[in-house]
Amino acid sequence: MQMQAAVEGALVGALRVGGGTTDQRIERALRVLMEQLGLQVAFVSEFRDGLRVVTHSVRVPDGPEMPAGTTHPVEDTLCHLVASGELPAVVGDAGAHPVLAGHPHTVAFGVAAYAGVPLRVGGQVRGAVCCAGPALADSLNPRDEVTLRAVAAYIGEVLDGGDAPDGPGLRRLAEAVAAGHDLQALTRPLLQLLQEVTGLESTYLTLVDPASDELILAYTHNTGKLHIPEGLTVSWQDALCRRAIDENRYYVADVSAVWPDAHVALDLGIAAYASVPVRDARDEILGTLCGASSTGTVIDERELAIMATFAQLIAAQLARETAHSVAATRATILERRLGALRDSAERDALTGLANRAGIHRWLQAAGERIAGDGARLAVAFVDLDKFKAVNDTFGHGTGDEVLRRVAASLVRTGRAGDLHGRLGGDEFIVAAVLPPDATVHEWTQRVRRAAVAQLDVVRVVASVGVVTYEPGTAFSVDEILDHADKAMYAVKHGTVDARTASTA
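If you're wondering where the values come from, they're calculated on a predicted model, not measured in any experiment.

Bringing empty space enclosed by the protein into the picture now. Tallied over the full model, the rule gives 1 cavity of 30 Å³ or more. Within this model, the largest cavity holds a volume of roughly 170 Å³. What lines the largest cavity is a set of 17 residues, and nearest its centre among them are Phe43, Met66, Phe109, Val111 and Ala132. Breaking the lining of the largest cavity down by element, the ones donating at least two residues are β1 (41–48), α3 (78–84) and β6 (124–133).

Below is the structure:
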């Protein structure tokens, strides 16, 4: 309970300091919520005269839309189920939930993951605060529910008029954050607020690694065209942060004029720069809190004071973590960077699915997962029918969009941990480790129904062949793919009934 209270207090306190109009504060809260939960759209709805009305909505670029002003009869909506308590606060796999899976709005809006809690204003339930995404979100957890409820409570306060722009301010923020325990959860909202307060395109926290004399860009928040990469390391001796501290320059409007030899910063496109140190109780530098822009953004004394206060809050948080916090953070960053590199090497650039290398790695590991517990490995080879004609008739741009739509459709049929891959061209692989009580036929039918794409007048379907492997079966990845390919070929050329085609 203490942890939950700390998270709520820190997050709400961070939101309160931002100020602005009611709409600005609510939309800021929704963006923080969307980022924290890793979903693609967040919105507030209110119940008015039997209708659910979306009053505020934000989304990631090209994300699913739930525009403000959208209305539906209350009882037809997921928001109604949220407000009545018929849905849990977070659902990472909508297709596996008995209520969500069959709801018309889940299908109509392409919802694969969903999160929502009631919106209470003046002690009364007046609607819901919700997030959604078109892909499974197996990382959703109880802490995300805490975050969701904290943001919903804050939005309720704003709508009730209890959080005026000149409300609790920085003092209350400091008190709230003082009870926190997780550096990342506190820093990311602060970076977003700092960007909004200063107008700088990028804000970021750096940490000094004394063992290597390097500066690590631990957490970054980027807007506009300037992009400061998270996880980047630079020499502390060459860092802009060190120069700013040594020269007592907290803000520089023209980096190229003041520091013409600051090659790393100039290569990143930094023109304006602001920085304050993050110091421990002994006045040792732990890192810096920074902001930057590609143009000469003006920063005043008030905004620098806010940066300094945020830096103090981060220093207090670091003081509560272990003496090895910097090393642990560095290890986490390095692990994430390596994971990102591996993911990039095993990811198909067009569809985002696993590529051939990723398919091989997943299938190789699947053999260990089915050993001894009665689970079976099911592998579907999906080949689009007459796809060449689509490229020849409508062009490769249309063909690429068809491939992306098929990929998205296949992903929506699966669960977290399933394999969705593209071998190349118009060939896809879908695989799953099925529990003992699951039927291969039902799984096959789901894949078959998903192996279709509609783009204007273009409709593409696929031939699907399935193979299964029982525990203890010896196989190689190449054998799996070869057997699945032959099963698909039999379906495509009519030598086997498409409704039952599979081999074991």
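Let us now look at the state of the cysteines. Per the stated rule, a full pass over the model turns up 0 disulfides. There is no disulfide at Cys79, and the cysteine sulfur nearest it, in Cys130, is 3.9 Å away. With relative accessibility at 0%, the residue Cys79 sits in the buried group. In this model Cys290 remains outside any disulfide bridge; the closest cysteine sulfur is found in Cys241, 3.6 Å from its own.

What follows concerns the sheet that holds β6. Read from one edge of the open sheet, 6 strands run β3-β2-β1-β6-β5-β4, paired in antiparallel fashion. Where the open sheet ends on each side, the last strands, each with one partner, are β3 (71–73) and β4 (90–91). As paired strands, β4 and strand β5 (residues 113–121) are joined by 2 bridges and run antiparallel to one another. Across the sheet, the residue bridging to Val91 is Tyr114, located in β5. Against the sheet, helix α5 (residues 142–159) contacts β1, β4, β5 and β6, and its axis sits at roughly 35° relative to β5.

With 18 residues, helix α15 (residues 396–413) extends 26 Å between its outermost C-alpha atoms, agreeing within 8% with the 26 Å of an ideal straight helix rising 1.5 Å per residue. Those residues of α15 lying buried are Gly399, Val402, Leu403, Val406, Ala407, Ser409 and Leu410. Taken down its axis, α15 places every buried residue within 165° of arc, on the same side.

Right, let's talk about the nonpolar core for a bit. One finds Leu384, Val402, Leu410, Phe428, Trp443 and Val447 to be the most contacted residues of the largest nonpolar core, which totals 28 residues. For this core, the elements supplying multiple residues, two or more each, are β13 (376–384), α14 (387–394), α15, β15 (427–434), α16 (440–450), β16 (452–455) and β17 (458–469). Dropping the residues within four chain positions of it, Val402 is found in contact with Phe387, Val390, Ala453, Leu455, Val458 and Val460.

Here we have 6 strands laid out as an open sheet, ordered β9-β8-β7-β12-β11-β10, and antiparallel in their pairing. The open sheet is flanked by β9 (233–235) and β10 (251–252), the only strands paired with a single partner. Strand direction decides the pairing type here: strand β8 (residues 214–222) and β9, joined by 3 bridges, are antiparallel. From the neighbouring strand, Glu214 faces β9, where its bridge partner is Ser235.

Per the stated rule, a full pass over the model turns up 1 aromatic pair. Summarising the aromatic geometry, the rings of Trp259 and Tyr273 are spaced 6.4 Å apart at their centres and angled 75° between planes, so their arrangement reads as edge-to-face. In this pair, Trp259 is assigned in the loop between α9 (255–258) and α10 (263–268) and Tyr273 in strand β11 (residues 272–279), connecting sequence segments 14 residues apart. Since its relative accessible area comes to 1%, Tyr273 is described here as buried.

What follows covers the pattern of salt bridges. What the rule picks out here adds up to 16 salt bridges. Arg243 serves as the salt-bridge partner of Asp261, at 2.7 Å between the closest nitrogen and oxygen. Taken together, the residues span a long stretch of sequence, with Asp261 in the loop between α9 and α10 and Arg243 in helix α8 (residues 240–246) at a distance of 18 residues. A relative accessible area of 43% means that Asp261 is categorised as partly exposed.

Turning to helix α7 (residues 183–198), a few remarks are in order. In this model α7 runs 22 Å from its N-terminal to its C-terminal C-alpha over 16 residues, within 8% of the 22 Å that 1.5 Å per residue would give. With 14 of its 16 residues buried, α7 lies for the most part within the structure. Phi turns positive, to about 80°, at Gly199, one or two residues after α7.

On to the confidence of the model for the chain. Residues with a pLDDT of 70 or more make up 84% of the chain, whose mean pLDDT is 82. Note on residues 1–7: pLDDT is under 50 here. Beyond four places in sequence and across chains, it has 9 contacts. Low pLDDT, under 50, characterises residues 163–172; the stretch is placed with 17 contacts to residues that sit more than four places away or in other chains.

Attention shifts here to the environment of Val491. Mapped onto the secondary structure, Val491 falls in helix α17 (residues 477–492). For Val491 and Gly465, which are 26 residues apart along the polypeptide, the C-alpha to C-alpha distance reads 6.5 Å.

It is worth spelling out unusual backbone geometry at this point. With phi around 55°, Asn248 is a residue other than glycine that occupies positive phi space. With respect to the secondary-structure elements, Asn248 resides in the loop between α8 and β10. One non-glycine residue, Asp456, adopts positive backbone phi at about 55°. For Asp456, the position within the fold is in the loop between β16 and β17.

As a further point, take the packing of helix α2 (residues 22–37) against α7. Running from N to C, α2 and α7 cross one another at 140°; their axes reach a closest spacing of 11 Å. Here α2 and α7 pass one another in a crossing that is right-handed. Packed against α2, whose contacting residues are Arg28, Arg31, Val32, Glu35 and Gln36, the element α7 presents Ala185, Arg188, Pro189, Gln192, Leu193 and Glu196 at the interface. A breakdown of the residues in the contact of α2 with α7 according to their chemical character gives 4 nonpolar, 2 polar and 5 charged.

Among the 9 residues in β13, 9 count as buried, and that is most of the element. Both faces of β13 are covered, namely the face carrying Arg376, Ala378, Ala380, Val382 and Leu384 and the face carrying Leu377, Val379, Phe381 and Asp383. Direction of pairing for β13 relative to β15: antiparallel, over a ladder of 8 bridges. In the strand pairing of β15, Leu377 is matched with Val433.

Most of strand β14 (residues 419–424) is tucked away, with 5 of its 6 residues classed as buried. In the sheet, β14 pairs with β15 via 5 bridges, with the strands oriented antiparallel. Its bridge partner lying in β15, His420 is registered against Val430.

Each value, and the rule that gives it
Residues numbered from 1 in each chain as written. Predicted model: local features only at pLDDT ≥ 70, side-chain atom pairs only at ≥ 80, totals over all residues. Heavy atoms only, no water. 1 Å grid on protein atoms, 1.4 Å probe; cavity = no way out; pocket = protein on both sides within 12 Å on 5 of 7 lines; lining within 4 Å. Points joined across faces, edges and corners; volume = space filled by probe spheres on them. Helix = DSSP H or I, 4+ residues; strand = E, 2+ residues; numbered from the N terminus. Disulfide = S-S within 2.5 Å. Buried < 20%, exposed > 50% of the residue type's maximum accessible area, 1.4 Å probe, protein only. Pairing = 2+ DSSP bridges. Contact = heavy atoms within 4.5 Å. Axes fitted to C-alpha atoms, helices over the stretch in contact; angles between N-to-C directions. Expected span 1.5 Å × (residues − 1). Arc of directions from axis to C-beta. Core = buried A, V, L, I, M, F, W, Y, C linked by side-chain atoms within 4.5 Å. Phe/Tyr/Trp six-rings, centres within 6.5 Å; stacked < 30°, edge-to-face > 60°. Salt bridge = Lys/Arg side-chain N within 4 Å of Asp/Glu carboxyl O. pLDDT = per-residue confidence, 0-100. Left-handed = near helix turned anticlockwise from the far one by under 90°. Nonpolar A, V, L, I, M, F, W, Y, C, P; charged D, E, K, R; others polar.

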